[in-house]
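Chain residues, written in single-letter form:
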Amino acid sequence: MSKPAENNTEQKVIIIGSGPAGLTAAVYAARANLSPLLIEGATAGGQLMITTDVDNYPGFAQGVQGPDLILQMRQQAERFDTAFLTGDVTKVDLSKRPFQVVVDDDASYFAKTLIICSGARAKLLGLPAESRLMGNGVSACATCDGFFFRDKEVFVVGGGDTAVEEAIFLTRFATKVTLVHRRDSLRASKIMQDKIMANPKVDFLWNTVVTDITPNTEGRVGSLELKNVKTGEVSKPSADGLFIAIGHSPNTALFKGQLDLDEAGYIITQPDSTKTNVPGVFASGDVQDSVYRQAITAAGTGCMAAIDAERFLEEEGL
């Protein structure tokens, strides 16, 4: 493993983020002899660190635990002499090159190119039991975890397109899907509303919120506490799983006013590339992907970003 870069030094490539996108970018950049510095954050690894069984990542016939997958990716990046720095990026200056990256409001690092892989956070309900049971019946990704709920009864929280899409997807596996929404009508598009209303495996609980989650004897989701916001009535139905589908928040606060963002805050990249509106700055993974949000697609765009950075440096004669 290479030693972390010294403060105030200039790097060919700095990577912000240590999920699948950042670690894949590190592998490719390191193999191109770009000696990348990866700033992994105080809480490293991204959303896979709170994911248990990962069965949809190629190369693992028997599946793999999310933290184990991240560990193997990290060790691979280390093998090619990626330098790692643990800390949170608190400021960036993209107004001039080399770009300045400040870590923990203290140390400054400078980069000829910057790859942003800071990811996105699923919006959660804020219940104490929610974090405790994440990966044990609570999920924020039906595409990732739906398979594990075959012949089970599950609940989905939300009322927009994401919630409707997740609920419909879950009907492929679950015997019953109940959509819980705090209002009395969906916010999803008309075509999505028509699809879910026509699905016989979906029930609806209107004007209702989840107020607690109770585990069963195996430490997984066993039942929910629900409250009708109009009548105040409380119910406690049994449940095998709870899917939170109330949106995602990309980690882009540092880049507002410096990079082009869409209405939801995701970094806008040029078609067929990871290039942003600032030459030499690239973005990959969930920070610029509001559609797929999968570990494999994040890794793929991490590869793209490293190749884009390498070609940029070559074209600049750097």
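Keep in mind that what you see is a predicted model, and the values were worked out from it rather than measured. (Residues numbered from 1 in each chain as written. Predicted model: local features only at pLDDT ≥ 70, side-chain atom pairs only at ≥ 80, totals over all residues. Heavy atoms only, no water.)

> Help me understand helix α1 (residues 20–31), please; the structure alone is not making it clear to me.
Counting along an α-helix, one turn takes 3.6 residues, and residues three or four places apart therefore face a common direction. Here α1 contains 12 residues, and its C-alpha end-to-end distance of 17 Å stays within 8% of the 16 Å for a straight helix at 1.5 Å per residue. Among the 12 residues of α1, 10 are classified as buried, and the element is accordingly described as predominantly covered. Among the residues of α1, Pro20, Ala21, Gly22, Leu23, Thr24, Ala25, Ala26, Val27, Ala29 and Ala30 are the ones counted as buried. Lining the buried residues of α1 we find β1 (10–16), β2 (37–39), α2 (66–79), β5 (83–85), β8 (107–116) and α7 (295–315). Looking at the residues trailing α1, positive phi occurs at Asn33, about 60°. (Helix = DSSP H or I, 4+ residues; strand = E, 2+ residues; numbered from the N terminus. Expected span 1.5 Å × (residues − 1). Buried < 20%, exposed > 50% of the residue type's maximum accessible area, 1.4 Å probe, protein only. Contact = heavy atoms within 4.5 Å.)

> What exactly am I supposed to notice about the side chain of Ser223 here?
Along the polypeptide, Ser223 turns up in strand β15 (residues 221–228). A relative accessible area of 18% places Ser223 in the buried class. Excluding residues that lie within four positions of it along the chain, Ser223 makes contacts with Ile213, Thr214, Pro237, Ser238 and Ala239.

> Would you mind showing me how to read the packing of helix α5 (residues 161–170) against helix α6 (residues 190–197) here?
When two helices pack together, their arrangement is captured by the angle between the axes and the distance separating the axes. Direction vectors running N to C along α5 and α6 enclose 30°, while the axes themselves pass 10 Å from each other. As summarised for this structure, α5 and α6 are arranged roughly parallel, according to the angle between their axes. In this structure, the crossing between α5 and α6 has a hand that is left-handed. Contacts between α5 and α6 pair Asp161, Val164, Glu165, Ala167 and Ile168 from the former with Met192, Lys195 and Ile196 from the latter. For the contact of α5 with α6, a count of residues per class yields five nonpolar, no polar and three charged. (Axes fitted to C-alpha atoms, helices over the stretch in contact; angles between N-to-C directions. Parallel < 35°, antiparallel > 145°, perpendicular 65-115°, else oblique. Left-handed = near helix turned anticlockwise from the far one by under 90°. Nonpolar A, V, L, I, M, F, W, Y, C, P; charged D, E, K, R; others polar.)

> Looking at this structure, I do not really get the pairing of strand β14 (residues 208–215). What am I missing?
Regular strands place their side chains on alternate faces of the sheet. Pairing of β14 with β15 involves seven bridges; the strand directions are antiparallel. By the bridge assignment for β15, Val210 is matched with Leu226. Where β14 hands over to β15, the hairpin turn is made up of five residues, of which Gly219 adopts a positive phi near 80°. (Pairing = 2+ DSSP bridges.)

> Teacher, can you tell me more about the sheet that holds β14 here?
Either a parallel or an antiparallel arrangement is found when strands of a sheet pair, and the pairing is made through backbone hydrogen bonds. The antiparallel open sheet is built from three strands, whose spatial order is β14-β15-β16. With partners counted over all chains shown, the strands left at the sheet margins are β14 and β16 (234–235), one partner each.

> How should I be thinking about the sheet that holds strand β17 (residues 241–244) in this particular structure?
In spatial order, the strands read β10-β17-β11-β12-β13; together these five strands make up an open sheet with parallel pairing. Strands with a single pairing partner mark the edges of an open sheet, and in this sheet they are β10 (138–139) and β13 (202–205). Of the pairings in the sheet, the one linking strand β11 (residues 153–157) to strand β12 (residues 176–180) comprises five bridges and is parallel in character. Among the inter-strand pairings, Val154 is bridged to a residue of β12, identified as Val177.

> What's the story with the state of the cysteines in this structure? I'm lost.
Throughout this description, disulfide means a covalent bond between two cysteine sulfur atoms. All chains considered together, the criterion is met by one disulfide. Between the sulfur atoms of Cys141 and its disulfide mate Cys144 the distance is 2.2 Å. Between Cys141 and Cys144 the disulfide shows an S-S torsion of about 70°. By sign, it is right-handed. Here Cys141 falls in the buried class, since its relative accessible area comes to 15%. Between Cys117, a free cysteine, and Cys303, which holds the nearest cysteine sulfur, the sulfur-to-sulfur gap is 12 Å. The exposure class assigned to Cys303 is buried, which follows from its relative accessible area of 17%. (Disulfide = S-S within 2.5 Å.)

> Would you take a moment to explain the nonpolar core for this structure?
Most often, soluble globular proteins keep nonpolar side chains buried together rather than apart. Ile15, Tyr57, Leu69 and Ile115 are the most contacted members of the largest nonpolar core, which has 30 residues in total. Those elements that provide at least two residues to this core are β1, α1, α2 and α7. With eight residues, the single largest contributor to this core is α7. Once residues lying within four places of it in the same chain are set aside, the contact partners of Tyr57 are Leu69, Met73, Ala295, Ile296 and Ala299. In this structure, Ile16, Val89, Leu94 and Ile267 belong to the second largest nonpolar core, which totals 24 residues. (Core = buried A, V, L, I, M, F, W, Y, C linked by side-chain atoms within 4.5 Å.)

Everything listed is a geometric property; what it means functionally is a separate question.
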